[in-house]
Structures are given as structure tokens and as C-alpha cells.
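# Working through the structure, step by step
Listed here are the chains, written in short residue letters.
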Amino acid sequence: MKLERALFLSHPAQDPGGLPGEGWREVALPHQWSLEGLEAEVGWYRLQVPEVGPRRFLRLWGDYSQEAWLEGAYLGRHEGYFFPWLLELPPGRELLLRVSAPKEPLGQWPRFKRQIKGVLGQHDCRPGGNTERGQERGTGGLWGGVELWVREEVALLALTHRLHRTPKGWRLLVQFLVDAPRAFQEEVELRLLPENFPGEALEKAAPLRGDGGRAWLGVVWDLPEMPLWEVWERGFPHLFRLEAQVAGASLAVPLGFRTVEVDGEGWLLLNGSRLFLRGTNLIPTQWLAAYGEEAAQKDAALLKEAHLNAVRVHAHVTHPAFYRACDREGILVWQDFPLQWGYAPDEAFAKEALRQVRAMVDLLGAHPSIYLWCAQNEPTHNRHTLGPLLLAALKEADPTRPAKEASDFREHPYPGWYYGHHRDFLALPGAPLPSEFGAQALPRAELLRRVLGEAAWPPKWEVWAYHNFQPHETFRVAGVEVGESLEAFVESSQAYQAKLLEFAIHAYRRAKGRVVGYFQFMFVEPWEGITWAVLDVERVPKRGYFALKEASSPVLLSLVPFRERLEVGGPPLMEAWLVSDLPRPLTLRVLLWLEGEERLPLWEGEVVLGPAEARRFFHLMELWEAPLEGQDSLAPLREALGRLSPGAYRLVGEAWEGERRWSRHEVALTYLPPLLPLGVAW
């Protein structure tokens with residue numbers, strides 16, 4: 001039973017103690033007070049809880065810590081925003097909940113933080129960014145709402161599983177969190193039902209014994225070969241629902257039959273086959289109460305539309321609806337633990353982090369979409385102390401998935417933004433699996449005017465900085481021009497982001513093998529910011545979204561120009577590549593042409609690719625090695641190029657399989673008048 005409404009009372013800071021008095025108002029649950037414009041650090045909720053059943057448990061999700069009183073009697077405290085508090089209620093109806101999300105004191109924040117909130121506590125994509133104002137517009141409240149569970153004496157409170165391959169099928173370890181006042185023996189009834197495809201249910205009954213108290217118990221279920229869960233581009237994500245019933249209470253979790261491991265070269269093996277990861281980083285929102293099933297399904301659809309098969313939930317645990325959407329849609333999830341940059345170096349914090357990292361695995365471990373656990377994002381002084389502890393805990397809690405200590409700075413190359421030039425991506429920085437790269441881009445001008453008001457144009461840079469804009473990188477590194485209007489600034493900013501993403505991803509994909517995947521940073525803006533996202537906060541695409549989509553096609557045509565500025569008569573193309581991530585052979589028709597005032601055909605032919613093959617099918621220097629023939633077959637093309645008028649052109653290529661166009665690549669070129677009348681030398 002969901003409790004849909006509560007009375008709410010806010011406090012601007014930590015109140016000294018005592019239960020609140022007057023000033024209550026009614027709110028709908030779920031609820032986060034920052035969505036109402038409040039800067040409170042403490043919120044009180046008053047609920048009327050029905051007195052039903054032998055035992056009552058509350059399941060509530062709050063940020064960051066919660067305390068409870070029933071009829072004035074203190075019940076306890078819970079710390080942690082992303083996993084629920086399972087609280088048993090004694091007799092009584094009026095419940096008070098105190099939710100605390102205090103700002104951490106400067107000096108402790110940002111380098112020695114104690115709240116395990118990841119990007120919801122500190123990040124350069126939060127309101128105020130990574131500045132002294134970076135804790136403004138906090139995330140406190142009952143973001144996941146409150147549920148009342150009625151249970152018998154033996155109470156089923158949580159359900160998960162671990163799945164192992166066997167020579168004849170699968171061994172399923174079903175795990176139950178059970179609370180009982182004394183030793184017991186019950187029968188558990190299990191059902192496995194197809195969720196997104198037709199099929200018959202499987203059933204099993206087994207004894208379940210416990211010694212009393214709250215503990216995890218397990219039952220083993222041996223199963224035959226089952227339909228596999230696959231990523232959307234390689235098959236169908238066959239999804240099951242595992243149901244368990246104990247003492248009249250039932251719970252259900254998702255289940256997908258698949259294996260995940262990482263081989264010695266860094267490749268992800270999904271169901272035993274290598275998969276090139278085409279991914280992005282995602283922070284769908286700063287305020288989880290405003291997110292839900294519809295928004296999650298839309299984000300999953302946008303990920304697939306962008307041809308991505310993987311997503312990294314960046315340095316936080318997000319809304320449960322997003323994991324459900326990825327399960328249904330066949331999108332792999334890299335799951336970060338909510339640690340972002342620096343944290344307290346003491347033993348107390350390490351113990352709390354270990355407790356919460358195990359809770360993350362218990363909470364999310366049933367989702368087949370999750371393929372990797374990661375303990376920290378860009379750790380600083382904790383890199384070699386906290387990281388190994390958390391990695392060991394992850395491996396112990398879940399031996400069925402890969403885990404890693406950190407996604408650290410060495411995996412996060414930012415040439416063309418923080419340093420260097422976007423051409424530095426040719427050196428494959430971050431290989432074999434770059435997990436962040438990109439550039440900021442402004443959202444559309446209409447949104448900027450609505451969000452920034454008078455500070456939008458002419459720009460008031462201190463307001464822009466609060467909204468995460470980075471001027472040094474924009475102007476000094478990327479060389480983006482402001483222009484004469486906000487619209488012109490938006491255009492140049494988005495054009496730069498799109499160019500960088502296209503260049504980087506093509507470089508990584510041509511190097512398939514040395515590179516095993518990529519995770520662009522990032523997908524959507526989690527608030528009204530100016531960030532690295534390719535979708536703004538309202539999910540309107542920037543130009544970078546279309547660049548990401550084209551460059552992430554499962555079958556990619558990649559053109560490398562001879563030069564971007566060259567003399568009339570010069571060859572436009574240096575190399576041409578085809579890259580396939582599909583597990584089947586392909587026969588592709590490739591068309592290449594030069595487009596300006598008129599279309600000049602360059603080449604048309606057929607290329608056969610093996611499964612998941614990357615191949616360079618043209619290199620300009622190979623023309624010198626071609627055998628001599630009775631006449632020069634390239635002479636007509638050279639003559640046509642020599643007749644071009646100086647100006648702007650586009651080198652264009654398309655790859656077709658039958659009537660399906662898999663990939664289109666365009667490269668801007670400029671032809672200049674020849675400096676000397678020496679003729680064409682190729």
C-alpha cells in the first residue's frame with residue numbers, strides 16, 4: 001500500500017532537537033522540497049498509518065538520513081539515500097519522519113565529504129557546480145515515497161538472486177531477506193514468468209528455514225536452457241519475472257538469463273561473445289522525485305535512437321524506473337557507486353561505504369541490464385585506500401559480474417576541451433575503454449533566455465558560471481566564438497561539440513581491437529545547466545546528439561580526408577573504413593562523392609565484411625602500388641577534380657545493405673586555387 005500524501009514542515013538548517021509543532025502543510029508523495037524552491041536542510045513529514053495486520057513494515061526512500069517516531073516514541077535512524085529503510089512499526093497511527101540533507105561544512109566539503117551521494121552532493125553539473133555554492137538546491141526529501149507492507153509473523157522484506165551457468169543450463173540462487181521473531185520453517189513458492197514475450201511459467205516449492213531475526217536466506221533452483229537476454233542490436237532481451245511467496249507475502253524481481261565477463265584484452269563478453277560498447281554517461285535528473293516510468297522509458301528510447309548499447313549511470317544510483325527500462329529495452333548498464341572525488345579518509349567513513357556498497361548490490365543485483373560495478377569516480381586521495389576495500393566487497397557480494405576499483409582520470413580524456421586539440425583523439429587516449437570524453441555545448445537560445453533571464457544576453461558570466469558554463473575551456477581551448485547574438489553563440493558552441501564527438505568516436509571505432517568501446521560524457525542535462533550533454537534538460541537534442549547517433553551506428557562508414565584544405569585537383573580522400581559491430585557477415589554497397597555546386601561521383605562498389613569486423617577498404621597510398629594498365633583509370637577523376645572551382649565542398653559517403661542505409665559520413669573540405677601551375681601529382 002502506497003501512502004500518497006503527508007503533512008510537511010521544513011527547517012532551513014539542522015534544528016536543535018524536539019518534535020515539531022505548528023506550520024504543517026499537505027504534500028503529495030514522493031516529495032523533494034528543493035522542487036518547491038526551498039533551501040531547507042531538514043524536513044519533517046507527518047503520516048497517518050493504518051493499523052492493519054499482524055506486523056506492519058514501512059518501506060521508504062529518503063535523502064539523506066531519516067529518523068522516525070510513532071506516537072512520540074523514537075523508532076530509529078537510517079542513513080543512505082538510494083536504498084530503502086525497512087522499518088517495522090509497533091502499534092500506533094501517527095508517524096513522524098525527520099529527513100536530513102544537511103550541507104556539509106566547508107573544509108569537510110568538497111574534499112573530505114561524508115555523505116555518500118556522488119553527483120547529487122558534488123559535481124560540476126550541479127547547481128553552482130564545483131564551487132562554494134555547489135551544495136545549493138539540495139536533494140532532501142522522501143524522493144521515493146513511502147509504502148506500507150502488511151506481513152505475518154514471518155515477514156518477507158526483500159528478494160534478489162544470483163545466476164550461474166552450468167553445462168546443462170542454469171543454477172539460480174534465490175535470496176530472501178526475512179524477518180521473524182523466532183526460529184521458523186516455512187515453504188517458499190517460486191514462479192518464473194516470461195515478462196516481455198510469450199511462454200509458460202515455471203514453478204518450484206522449497207522449504208525455508210531460519211533462526212529468527214532479520215537475515216538473508218537462500219534457495220537453489222536448477223533450470224534448463226532458457227531464452228537469453230541480449231542487447232537490442234544482437235537479439236532480443238528475453239526478460240522474466242521471478243516471484244516468491246512466503247507466509248502469504250509475495251515479491252517479484254526481474255531476471256534475465258545471460259553471462260557477463262571481461263576477457264584478458266578488456267573486451268566485454270556477453271553470453272560468451274565479444275561486444276563493442278557504444279555508450280554514454282547518464283545523470284537523468286538531480287531530483288529523483290520528479291522522475292518515473294514515463295521519463296525512464298523516454299530516456300531508454302533516446303539511447304536506442306542514438307544507436308547506443310550501453311550507458312554508465314554516472315557516480316550515483318538513479319531512480320529504479322531507469323533500470324527497469326534498460327532491462328526491457330536490452331541496454332547494458334555500467335553502475336557506479338555514489339562516490340565522486342574526495343571523501344573522509346577515516347575508518348568510520350570506510351565502514352559506512354562498505355555497508356552501502358553491499359546494499360547497492362542487494363538492491364540492484366537482480367537487473368540483467370547491469371553488467372559492471374564500479375566503486376569510485378575520479379577518486380583523489382582515496383584512490384588506493386578506499387578503492388581496494390570496496391572492490392573486494394563488490395566481488396564478494398556479487399561474483400557473477402565484473403567489478404573495478406575506479407573510473408579514474410586516466411580513462412577520461414578531454415583533448416579539445418581541457419587541453420590539447422580534438423585531433424589528439426587520433427592517439428586513442430583512454431584506451432582500451434575511455435569512459436568519459438566530450439565538450440560542453442549551449443542548449444537552445446529559447447531555453448537559455450527562459451532560464452537565465454536578463455543574464456542570457458548580453459551574457460552575465462557569473463550567472464552562466466553558476467549554471468556550469470566553463471569560459472576558459474570554451475574560448476581559450478575550444479576557440480568557440482561568441483558572435484553577435486545568442487543564437488550565433490549557440491550555433492558555434494553546438495557545432496564544436498558535434499565536431500569533437502564525431503572525430504573522437506570515429507577514431508576510436510577505426511581502432512577497434514585496441515579500443516573495446518567508449519562512453520561519451522554525457523547524455524542529458526540533469527538540471528537547467530550548460531554542460532557536456534547532447535540533450536538539454538527538456539530532452540531537446542543539440543547538434544551533438546545527431547553526431548553521436550551517426551558515429552554510433554552499429555555499422556559505420558568512416559572517411560579520413562587527405563586534407564581539409566587542399567588545392568584544386570588534389571585528392572579529397574586519404575582512407576575509408578567500414579566498421580561492423582553486428583554478429584553476422586555483411587555485403588555493403590558503398591557510394592562516395594564530392595558535393596558542392598554539383599555532385600562529383602568518386603567511387604561506388606561492394607565491400608564484404610565479416611562478423612564484427614573493422615576494415616580499411618581504401619588507402620590513397622595503395623594507388624601507387626596498383627598494377628599498370630593499358631590506360632590510367634583514374635585520369636577522368638583527376639581531370640574532374642582539376643576543373644573544380646575553389647570553394648567549400650563536402651566529402652560524402654554512404655553504406656547500404658539492400659534498401660537499408662546503415663551509415664552516412666560527411667567531411668567538410670575547402671578547395672583553394674593552386675599556388676603553382678604544376679599539374680596534378682597523384
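The structure this text deals with has already been given above.
Residues numbered from 1 in each chain as written. Predicted model: local features only at pLDDT ≥ 70, side-chain atom pairs only at ≥ 80, totals over all residues. Heavy atoms only, no water.

## Some remarks on the overall build of the protein chain
Helix and strand content of the protein chain: ten helices and 35 strands. A globule of 682 residues ought to have a C-alpha radius of gyration of about 26 Å, and the protein chain, at 28 Å, matches this closely. With the principal axes as the frame, the protein chain shows a C-alpha extent of 95 × 65 × 40 Å. Taken across its 682 residues, the protein chain has 58% of its residues classed as buried. A fraction of 71% describes how many contacts in the protein chain between residues 6 or more apart in sequence connect residues 24 or more apart. Accessible surface, the protein chain: about 27900 Å² in total, of which carbon and sulfur atoms supply 53%. (Helix = DSSP H or I, 4+ residues; strand = E, 2+ residues; numbered from the N terminus. Rg over C-alpha atoms; globule rule 2.2 N^0.38 Å. Buried < 20%, exposed > 50% of the residue type's maximum accessible area, 1.4 Å probe, protein only. Contact = heavy atoms within 4.5 Å. Areas by Shrake-Rupley, 256 points an atom, 1.4 Å probe, with all protein chains shown as cover.)

## As for the state of the cysteines
Considering all chains together, one arrives at zero disulfides under this definition. We note that Cys 326 lacks a disulfide partner, and the nearest cysteine sulfur, in Cys 374, lies 17 Å from it. (Disulfide = S-S within 2.5 Å.)

## Quick look at the nonpolar core
Leu 332 and Phe 523 are the most contacted members of the largest nonpolar core, which totals 113 residues. Considering each element in turn, this core owes the most residues, ten residues, to helix 8 (residues 486-510). With residues near it in sequence (within four places) discarded, Leu 332 still touches Trp 229, Val 231, Leu 268, Leu 270, Leu 275, Leu 277, Asn 309, Ala 310, Val 311, Ser 369 and Tyr 371. Within the second largest apolar cluster, 39 residues are counted, among which are Ala 155, Phe 176, Val 188 and Ala 366. (Core = buried A, V, L, I, M, F, W, Y, C linked by side-chain atoms within 4.5 Å.)

## Quick word on the packing of helix 5 (residues 445-452) against helix 8
It is the contact of helix 5 with helix 8, at a shortest axis distance of 9 Å, that shows an interaxial angle of 120 degrees. Between helix 5 and helix 8, the angle is such that the two are oblique. For helix 5 against helix 8, the interelement crossing comes out right-handed. Residues Ala 445, Leu 448 and Arg 449 of helix 5 lie in contact with helix 8, whose contacting residues are Leu 486, Glu 487 and Val 490. In terms of residue class, the contact of helix 5 with helix 8 is made up of four nonpolar, no polar and two charged. (Axes fitted to C-alpha atoms, helices over the stretch in contact; angles between N-to-C directions. Parallel < 35°, antiparallel > 145°, perpendicular 65-115°, else oblique. Left-handed = near helix turned anticlockwise from the far one by under 90°. Nonpolar A, V, L, I, M, F, W, Y, C, P; charged D, E, K, R; others polar.)

## Looking at helix 4 (residues 386-397)
With twelve residues, helix 4 extends 17 Å between its outermost C-alpha atoms, agreeing within 8% with the 16 Å of an ideal straight helix rising 1.5 Å per residue. Where the residues of helix 4 are buried, they touch helix 3 (347-364), strand 25 (370-374) and strand 26 (403-404). (Expected span 1.5 Å × (residues − 1).)

## Quick notes on the sheet that holds strand 28 (residues 555-561)
Judged by pairing direction, the sheet is antiparallel, and its three strands sit side by side in the order 28-30-33 without closing on themselves. Strands with a single pairing partner mark the edges of an open sheet, and in this sheet they are strand 28 and strand 33 (614-619). Strand-to-strand twist across the sheet, computed as the mean angle between neighbouring axes with direction ignored, equals 20 degrees. Bridge analysis of strand 28 against strand 30 (residues 573-580) gives seven bridges, and the strand direction is antiparallel. (Pairing = 2+ DSSP bridges.)

## Side note on the packing of aromatic side chains
Given two aromatic rings, their pairing is described by the distance between the two centres and the angle made by the two planes. Across all of its chains, the model carries 36 aromatic pairs by this definition. Aromatic ring contacts, followed pair by pair, group Trp 267, Phe 276, Phe 425, Phe 437, Tyr 508 and Tyr 518 into a single cluster. The ring of Tyr 343 has Lys 113 lying over it, and the distance from NZ or CZ to the ring centre is 4.3 Å. Taking the ring centre of Trp 662 as reference, the NZ or CZ of Arg 660 above it sits at 3.6 Å. (Phe/Tyr/Trp six-rings, centres within 6.5 Å; stacked < 30°, edge-to-face > 60°. Lys NZ or Arg CZ within 6 Å of the ring centre and 35° of its normal.)

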